[in-house]
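Understanding the architecture of this molecule
Single-letter residue listing:
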Amino acid sequence: ANSGYAVLFGEGTANFLRIKTFRKLETLSFGNLDRFRTSDLLVRLTSDINNVKLAVLYAVIILLQAPFNIVLAVIITGLLVPRLLWLMLAAMVLISAVLLFLLRGMQKLYATRQEKLDNVNNVLQEGLAGVRVVKAFVRESYESRRFAGAASDLRAAALPPAFRNALFMPTLMALMYTSIAAMYYFGGRLVLIDQVMTLGEVVVF
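Model, not experiment: these values are computed from the prediction.

Definitions and limits used
- Residues numbered from 1 in each chain as written.
- Predicted model: local features only at pLDDT ≥ 70, side-chain atom pairs only at ≥ 80, totals over all residues.
- Heavy atoms only, no water.
- 1 Å grid on protein atoms, 1.4 Å probe; cavity = no way out; pocket = protein on both sides within 12 Å on 5 of 7 lines; lining within 4 Å.
- Points joined across faces, edges and corners; volume = space filled by probe spheres on them.
- Helix = DSSP H or I, 4+ residues; strand = E, 2+ residues; numbered from the N terminus.
- Nonpolar A, V, L, I, M, F, W, Y, C, P; charged D, E, K, R; others polar.
- Buried < 20%, exposed > 50% of the residue type's maximum accessible area, 1.4 Å probe, protein only.
- Polar contact = N/O pair within 3.5 Å; in protein donor to acceptor, adjacent residues only side chain to side chain.
- Contact = heavy atoms within 4.5 Å.
- Expected span 1.5 Å × (residues − 1).

Counted as a void, the largest pocket has a volume near 540 Å³. Listing elements by their share of the lining of the largest pocket, those giving two or more residues are α3 (38-80), α4 (85-103) and α7 (140-192). Per-element tally for the lining of the largest pocket: the top contributor is α4, with 7 residues. A per-class count over the lining of the largest pocket returns 16 nonpolar, 3 polar and no charged. If you add up the space inside the second largest pocket, you get close to 290 Å³. Lining the second largest pocket we find Asn-51, Leu-103, Met-106, Tyr-110, Arg-113, Asn-165 and Phe-168. Within the residue set of the lining of the second largest pocket, elements represented by two or more residues are α5 (106-129) and α7. Tallying contributions element by element places α5 first for the lining of the second largest pocket, with 3 residues. When its residues are assigned to classes, the lining of the second largest pocket shows 4 nonpolar, 2 polar and 1 charged.

Turning our eyes to something else, we now look at the side chain of Asp-48. Its place among the elements puts Asp-48 in helix α3. When its relative accessible area of 16% is taken as the criterion, Asp-48 is described as buried. A polar atom in the side chain of Asp-48 sits 3.2 Å from the side chain of Gln-114. Once residues lying within four places of it in the same chain are set aside, the contact partners of Asp-48 are Val-43 and Gln-114.

Attention now goes to the environment of Lys-20. Among the structural elements, Lys-20 can be located in helix α1 (residues 2-27). C-alpha separation for the pair Lys-20 and Val-202, spaced 182 residues apart in sequence, amounts to 54 Å.

Next up on the list: α5. With 24 residues, α5 should reach 34 Å at 1.5 Å per residue; the first-to-last C-alpha distance of 34 Å fits that figure. Restricting attention to buried positions, one finds in α5 the residues Met-106, Gln-114, Leu-117, Asp-118, Val-120, Asn-122 and Val-123.

Shape is all these values report; function is a separate question.
Here is the structure:
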């Protein structure tokens, strides 16, 4: 159900932004339009809005589920296994700190990537629009080098955020499994050595 609502909300947001953006473009003066490249405007209406849609989609899913799950887990642990509540809170703090560290600076990295993507689209649009002129003046090699340079700049700008994203899920899973290992260790001590908990309580935790 949450996924269905998220899809509806994401697609609705994308549709709203497309219509509003296009209407806004139609109201701009010639002077304002001259400030934007055609390729930039196309990216804003297609790729950028699609990225916003995906962001809204996943944000709605997370915002509907995560807070409820976290609060419920803390309450149940506090009621049923209070001796291990500190371990859950410590794991939550550690995971949050590491993820915030990985996310730090991502906006700047993606802004740089977007700038290079705009440049690639601009070179591509100019090359396709003026292909007859390029052929007439035998400028194919120059245009090829120009596009290759823009594509290389985009690749260089896209790698840092891509590597950061690649670290995100493995790091999260490693922290989760480390937390589970800590739970077995401390829970096992409370059951086998201190004998203040039962195996069932550890399983519940």
